[in-house]
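Per-entry structural report
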Amino acid sequence: MTQLALVIDLNVCVGCHACVTSCKEWNTSGDAGPLCDERPYEAEPTGTFFNRVQTFEVGEFPATETVHFPKSCLHCEDPPCVPVCPTGASYKRKEDGIVLVDYDKCIGCKYCSWACPYGAREIDEKQKVMKKCTLCVDRIYDLSLAEIDRKPACVKACPTSARLFGDIHDPESTVSKAIRENGGYALMPEWGTQPANHYLPRRKTHLRIHEDELERSSNPLRIDGLLPKPGKSEPSLDDITSW
Amino acid sequence: MNPAFSVIFLTTLIGAGQGLFLALFTGQSYALFNLLPKQEGGFYAAGSFISLILLAAGLGASFFHLGHPERAWRAASQWRTSWLSREVIVLPAFMGAVFCYGLAHWMGWQSVLAVLPGGTVIDLTVVLGILGTLLAFLLFVCTGMIYACLRFLREWHSPLTVVNFILLGGASGFILAALFASLSAPELAPFFAVWAIILMLLGLVSRSAALIRNHRLRPKSTLQTAIGIKHPRIVQKSMGFMGGSFNTREFSHGAASLRSIKPAFLLLAFGAPLILFAVSFSNPILLGLAFVLHYCGLLAERWFFFAEANHPQNLYYQTLG
């Protein structure tokens, strides 16, 4: 069983929104039709997006950290949005675990969006169907693209490689290793939805220096100074060093 | 949640329609055992017709909720997993049963199918009535479970949701039945009125229980579990856009205060009709007023039901920016 997913490294994300614009560009240009916008150049623009980058402030001034948090459909292994769909338009693919919406079957009742605790689904106000991240299903299997390009648009766009893409059921994949070795976690684990997308936490690298590392162990008198210069007649390591 | 008026009208109108049918058949069952005076077929046929009008109006209202009403027929396909799909099947089935029940009374199809030991005659209308009653309860369960099955919306995720749909729908139907009887069969009006009072009192108890339960609920999801950062103080600085989105429109009601709605619906749906019933059981004007007030109360109750539910996705959409 394959379960494709994204792993998003919050330690690296700089909140540039490149994944948002790249996602919008790719998915508004595809065969499935545009991701519609309303009043895009007016005072209150709104539109359909698969991916959003949010920003949170953790801690209290001055000890605060800004965390940029990209959020898209998590492609849950037990997706609560799928069984509630009355038409079968929402489904989870057996072959790769991607949760998709059949835009030709969706009646736009919005019930699936009520059943998603993550707010990952957005209705297209013009086409009147529910839309969500497809993991760029029209791209990752496209053999006319170079193999390096067969990745979701957001992954390709990320300038800091904060987004990894792969099969989380394959223990040797990059994403599985990243989750395993860097403390990857799922969102809202309390609902048992088993999101496939994982997040890697902020990690701090602390340099720990012990007292004895600051002093030369061969300096019993604790006096720092230059080592005595060897005499000119002393043999050298080669002809280049010292004199 | 942002209450959708299409769904508010759907649930309250079909609730009243189901309740009215249940009232009619309760009346017929009592008459069957000679506990109430028997009525002409026209009484039940006219009542079934009113019930059908309410059900059809509710069904019509539901179409306004859909983005693609022309594809609504597809909604019958996923009955194995979706309560919404089950409702889509049971509602027309119930309407069919009500139609047949009314038609059988209207046409006088009362051929004897069986005779109970006590001499009670079971005819076609009784069989259709029992079928309709089962479907009415099934429809209440489907409608309630649409909301009660969503475990993230903890205000709804309770058996009380289904119980309230049954009791409130039943109460509105029996009030309507009392009004209908006061105009066409006055000797039955007190019977329906007493049942309406019982259902309203039970509904008041179960709705209050739900209000108390929801008042005590503590959210299971927090900002900490939502973004997976274990720090007691996290503030959202940006939700990623400035102009709002589906997520900011669909899941918040935008009303400044819910406090005024709660006493209003309790007063309109329970208090006012009970007072009017205390004055008279058979005055058509007072019963009509009681039904109108009760129905307005139910609209407010259903609005509050939706608005009260706090969706965990709102954790991600707290700060515009």
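Residues numbered from 1 in each chain as written. Chains lettered and ligands numbered in written order. Predicted model: local features only at pLDDT ≥ 70, side-chain atom pairs only at ≥ 80, totals over all residues. Heavy atoms only, no water.

1. Let's talk about the interface of chain B and chain A
Condition: The contact rule is simple, with two residues in contact once any of their heavy atoms fall within 4.5 Å. For any pair of parts, buried area is found by adding up, for both, the accessible area (1.4 Å probe) each one loses once the two are put together. Salt bridges are defined as contacts in which a side-chain nitrogen from Lys or Arg sits within 4 Å of a carboxyl oxygen from Asp or Glu. N or O atoms within 3.5 Å of each other form a polar contact, as long as, within protein, one can give a hydrogen and the other can take it, and as long as residues adjacent in sequence are counted only when both atoms are side-chain atoms. The numbering of helices and of strands both runs from the N terminus, where a helix is a DSSP run of H or I of at least 4 residues and a strand a run of E of at least 2. For this classification, Asp, Glu, Lys and Arg are treated as charged, while Ala, Val, Leu, Ile, Met, Phe, Trp, Tyr, Cys and Pro are nonpolar and the rest, including Gly, are polar. A strand pair is defined by DSSP finding two or more bridges across the two strands.
Each side of the interface is counted separately: chain B has 60 residues, and chain A has 56 residues. Across the chain B/chain A interface, buried area totals approximately 4700 Å², and carbon plus sulfur atoms make up 58% of it. Taken as a group, Phe152(B), Phe246(B) and Tyr316(B) account for 14% of the area that chain B buries against chain A, more than any other trio of residues on that side. Seen at the junction of chain B and chain A, the total is four salt bridges. Taken together, the connections running from chain B to chain A amount to 35 residue pairs in polar contact (both at pLDDT 80 or more). Mapped onto the side of chain B that touches chain A, the elements with two or more residues apiece are α3 (83–107), α4 (124–148), α7 (223–227), β3 (234–238) and α8 (246–250) of chain B. Per-class residue counts for the side of chain B that touches chain A are 29 nonpolar, 22 polar and nine charged. Judged from the four bridges that link them, strand β4 (residues 51–60) of chain A and β3(B) form a sheet pairing that is antiparallel. Each bridged residue has a counterpart across the sheet, and for Glu57(A) the counterpart in β3(B) is Val235(B).

2. Examining the packing of helix α2 (residues 41–63) of chain B against α3(B)
All names here are of chain B. Put simply, the rule reads: Geometry is summarised by axes, namely lines fitted to C-alpha atoms with helices restricted to the contacting stretch, and by angles between N-to-C directions that run from 0 to 180 degrees. Comment on the angle field: the value is read as roughly parallel under 35 degrees, roughly antiparallel over 145, roughly perpendicular from 65 to 115, and oblique elsewhere. By convention the crossing between two helices is left-handed if the near helix lies anticlockwise of the far one by an angle smaller than a right angle, and right-handed if it lies clockwise.
The geometry of α2 relative to α3 is characterised by a closest axis approach of 8 Å and an angle of 160° between their N-to-C directions. When the interaxial angle is binned, α2 and α3 end up roughly antiparallel. Judged by the twist between their axes, the crossing of α2 over α3 is left-handed. For the pair α2 and α3, contact is made by Gly41, Gly42, Tyr44, Ala45, Ser48, Ser51, Leu52, Leu55, Ala56 and Leu59 and by Leu91, Phe94, Met95, Val98, Phe99, Tyr101, Gly102, His105 and Trp106, respectively. When the residues that make up the contact of α2 with α3 are grouped by side-chain class, the tally is 13 nonpolar, six polar and no charged.

3. Notes on the pattern of salt bridges
Residue and element names in this part refer to chain A. Heads up, the rule is: Relative accessibility decides the category of a residue: with a 1.4 Å probe and only protein chains considered, values under 20% of the type maximum give buried, values over 50% give exposed, and everything between is partly exposed.
Under the definition given, this model contains 16 salt bridges over all chains. The partner of glutamate 65 in a salt bridge is lysine 204, and the shortest N-O contact between them spans 2.8 Å. In this pair, glutamate 65 sits in strand β5 (residues 63–72) while lysine 204 sits in the loop between β11 (198–200) and α6 (211–214), placing the two residues 139 residues apart along the sequence. Using a relative accessible area of 60% as the deciding quantity, one classes lysine 204 as exposed. Salt-bridge contacts for lysine 131 lead to aspartate 124; the nearest nitrogen and oxygen are separated by 3.0 Å. Aspartate 124 carries the same exposure label as lysine 131, and that label is buried. Linked through salt bridges whose partners overlap, the residues forming this network are Glu65, Arg202 and Lys204.

4. Overview of the sheet that holds β5(A)
Strand order in the open sheet formed by three strands is β5(A)-β4(A)-β3(B), with antiparallel pairing between adjacent strands. Each end of this open sheet is capped by a strand with a single partner; those strands are β5 of chain A together with β3 of chain B. Strand-to-strand twist of the sheet, defined as the mean angle between neighbouring strand axes without regard to direction, takes the value 30°. Here β4(A) pairs with β5(A) via ten bridges, running antiparallel. From the neighbouring strand, Glu60(A) faces β5(A), where its bridge partner is Ala63(A).

5. Some points on the side chain of Thr125(B)
Residue and element names in this part refer to chain B. In this fold, threonine 125 is placed in helix α4. Of the residues examined, threonine 125 reaches a relative accessible area of 0% and is grouped as buried. A distance of 2.6 Å separates polar atoms of two side chains, one belonging to threonine 125 and the other to aspartate 123. Non-local contacts of threonine 125, meaning those with residues more than four positions away in its chain, are made with Phe25, Gln28, Tyr101, Ala104, His105, Trp109 and Gln110.

6. Focus on the sheet that holds strand β1 (residues 4–9) of chain A
Residues and elements named next belong to chain A. Taken in spatial order, the three strands make up an open sheet running β10-β1-β11, and their pairing is mixed. A strand with exactly one partner marks an edge of an open sheet, and here the two such strands are β10 (163–167) and β11. Direction aside, the axes of adjacent strands within the sheet are offset by 25° on average. Across five bridges, β1 lies against β10 in antiparallel orientation. Among the inter-strand pairings, alanine 5 is bridged to a residue of β10, identified as glycine 166. Its contacts with the sheet place helix α5 (residues 174–181) against β1, β10 and β11, and it is angled at close to 115° to β10.

7. Here we look at unusual backbone geometry
Phe61(A) connects to Pro62(A) through a cis peptide bond whose omega is 5°. Relative to the assigned elements, Pro62(A) resides in the loop between β4 and β5. Phi at Lys128(A) takes a positive value of approximately 60°, unusual for a residue other than glycine. Assignment of secondary structure puts Lys128(A) in the loop between β8 (122–124) and β9 (129–131). Under the relative-accessibility criterion, Lys128(A) is labelled partly exposed at 36%. We note that Asn34(B) has phi near 60°; this positive angle belongs to a residue other than glycine. Here Asn34(B) falls in the exposed class, since its relative accessible area comes to 62%.

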